[in-house]
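Reading the structure
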Amino acid sequence: MDSSLALKLEQKYDSLTGTFERNPVEKFAKELISEAHPFSLLLIDGDNFKNVNDNFGHKVGDIVIKLIAEKIKSAFDGIGIVGRFGGDEFIVVLPDIVEYDEVWAACNTLSLQFREFTVPDYPSIFITITTGLSRFPQDGSDYDTLFEKADKALYRGKQKGRSCFIIYLDSKHKNIKVLSSDSPTTNSMQLISTVFMLLGKSSNLKISIPYLLTFFTTTLMIDHIAVQGKKSLLFSEVYSLSKGKEFSYIDNSLISLNINPSIGIFCLTDIHQLSFVHQKTLECELEKQLVISTFYAEISYAGNFYGYLRADATASRRIWQNSDMDLLLTAAKSIAMALYFQDKTLEDL
């Protein structure tokens, strides 16, 4: 990076992380815009960081934030300016890096920094990041517009399951509405109500289940979601941007070994965790279908087992959120109840 550009940055540092404060980074971006100097703007957010503070306390939380900052600074050393936006959120300006391949490479370098992220003395802490990026002048001629579009890309990454980076593209992200977690539109009760509404579109589950699966792929941005019966995939929906396209039945006996009997679910953020519990057969079956993260919820009711509601991520690891799992489990139990009261099995549909 040109040293004359860096000199424009006010030397104000965040006391915890040693990165720049937010205001001078934003001012620097605005200076670049005034000089028509191309750059990329990145918004970076730690995934599930609240769980660290809740479970380990704010002192450990501060340690984790410092480690996150170190990883980000290392990834962009010499090519960008890193600032702390607040909490576990960071803002980065990359002058002269705007071509798609260059931007992708820079973001991938950052992602690789977090592949082996560990916290000394706290091996159970699992942290990833999600990044949203916009570019000047491609995505806007003023800072507010660039920030809004980077925020949309970040929001899309959060929807997609976190632990990823999204480069803003008008064709894909223009119509995204960034909503707060307490917005009525994203409220869990609203989403659960939608599940019941979609399943009630028809008394014939063969018609209503596909509506439900489409809702999940688009709303939760799940690469693949399916209803798996006792011997085959009976309903299957693949997200248009999914890395994997060919999905097939995985023997229920391999899944049942892992189901939590108290709640009827099984989830993995990284299928390679299966190696540690000597379940290589299941790991290989998932690998063949390019699955990286997977989730299963039992479709069962009143002692009757019908199959599984299955969800897969292929492009990157997905950290299954409680809200996502609640929604999927609700759908699985709702399908099971409908089957029970209609005295049918999935294979009857």
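Conventions and cut-offs
- Residues numbered from 1 in each chain as written.
- Predicted model: local features only at pLDDT ≥ 70, side-chain atom pairs only at ≥ 80, totals over all residues.
- Heavy atoms only, no water.
- Helix = DSSP H or I, 4+ residues; strand = E, 2+ residues; numbered from the N terminus.
- Rg over C-alpha atoms; globule rule 2.2 N^0.38 Å.
- Buried < 20%, exposed > 50% of the residue type's maximum accessible area, 1.4 Å probe, protein only.
- Core = buried A, V, L, I, M, F, W, Y, C linked by side-chain atoms within 4.5 Å.
- Contact = heavy atoms within 4.5 Å.
- pLDDT = per-residue confidence, 0-100.
- Expected span 1.5 Å × (residues − 1).
- Polar contact = N/O pair within 3.5 Å; in protein donor to acceptor, adjacent residues only side chain to side chain.
- Pairing = 2+ DSSP bridges.
- Axes fitted to C-alpha atoms, helices over the stretch in contact; angles between N-to-C directions.

**A look at the overall build of the chain**
Check the secondary structure of the chain and you find 12 helices and 11 strands. A compact globule built from 349 residues should have a C-alpha radius of gyration of about 20 Å, and the chain, at 22 Å, falls within 12% of that. Across its three principal directions, the C-alpha atoms of the chain cover 75 × 45 × 35 Å. Counting all 349 residues of the chain, 50% fall into the buried class.

**So, the nonpolar core**
In globular proteins that are soluble, nonpolar side chains generally tend to be buried together. If you look at the biggest cluster of nonpolar residues, it comprises 33 residues, and the most contacted ones within it are Leu 212, Phe 216, Val 227, Ile 299, Leu 309, Leu 328 and Ile 335. Broken down by secondary-structure element, the contributors of at least two residues to this core are helix H8 (188-199), helix H9 (205-219), strand S7 (224-228), strand S10 (293-301), strand S11 (304-313) and helix H12 (322-342). Take this core: its biggest share by element is nine residues, from H12. Leu 328 has contacts with Phe 216, Ile 222, Ile 225, Phe 295, Ala 297, Leu 309, Ala 311 and Trp 320, leaving out every residue within four places of it along the chain. Counting residues in each nonpolar core, the second largest holds 30 residues, with Leu 42, Val 64, Ile 72 and Val 119 among its members.

**Points about the confidence of the model for the chain**
Predicted coordinates in regions of low pLDDT should not be interpreted in detail. Summing up the model confidence of the chain, the mean pLDDT is 89 and the portion of residues at 70 or higher is 94%. pLDDT under 50 marks residues 182-186. Its contacts with residues more than four places away, or in other chains, come to nine contacts.

**So, H9**
Given a rise of 1.5 Å per residue, 15 residues ought to cover 21 Å, and the 20 Å separating the end C-alpha atoms of H9 matches this to within 8%. Within the sequence span of H9, burial applies to Leu 205, Ser 208, Ile 209, Leu 212, Leu 213, Phe 215, Phe 216 and Thr 217. Capping the start of H9 is the job of one residue whose side-chain oxygen sits 2.9 Å from the backbone nitrogen of Lys 206: Asn 204. At the exit of H9 stands Met 221, carrying a positive phi of roughly 55 degrees.

**Comments concerning the sheet that holds strand S4 (residues 89-95)**
Across a sheet, strands are paired by hydrogen bonds formed along the backbone, either parallel or antiparallel in direction. Spatial strand order, S1-S3-S4-S2-S5-S6: six strands in an open sheet with mixed pairing. The strands lining the two open edges of the sheet, one partner per strand, are strand S1 (20-21) and strand S6 (165-167). Across seven bridges, the pairing between strand S2 (residues 39-46) and S4 is antiparallel. Counterpart to Leu 43 in the pairing with S4 is Ile 91. Strands in contact with helix H2 (residues 22-34) are S1, S2, strand S3 (81-86), S4 and strand S5 (129-136); relative to S4, the strand with the most contacts, it is inclined by about 30 degrees. Against the sheet, helix H6 (residues 143-159) engages S2, S3, S4, S5 and S6, with an angle of about 150 degrees to S5.

**Quick look at the sheet that holds S10**
Read from one edge of the open sheet, five strands run S8-S7-S11-S10-S9, paired in antiparallel fashion. Every interior strand has two partners, whereas the edge strands, strand S8 (233-238) and strand S9 (265-268), have only one. Strand-to-strand, the axes of this sheet are offset by a mean angle of 10 degrees, without reference to chain direction. Relative to S11, S10 is paired through nine bridges, and the arrangement is antiparallel. Bridging across to S11, Glu 298 finds its partner in Tyr 308. Against the sheet, H9 makes contact with S7, S8 and S11, and its axis sits at roughly 35 degrees relative to S8, the strand it touches most.

**Focus on the pairing of S5**
Where burial is concerned, most of S5 is hidden: eight out of the eight residues are buried. What you see with S5 is no split at all: Ile 129, Thr 131, Leu 133 and Arg 135 on one side and Thr 130, Gly 132, Ser 134 and Phe 136 on the other are buried throughout. With eight bridges connecting them, S2 and S5 associate as antiparallel partners. Counted as the bridge partner of Phe 39 is Phe 136 from S5. In this sheet, S6 lies alongside S5 in parallel orientation, the contact comprising three bridges.

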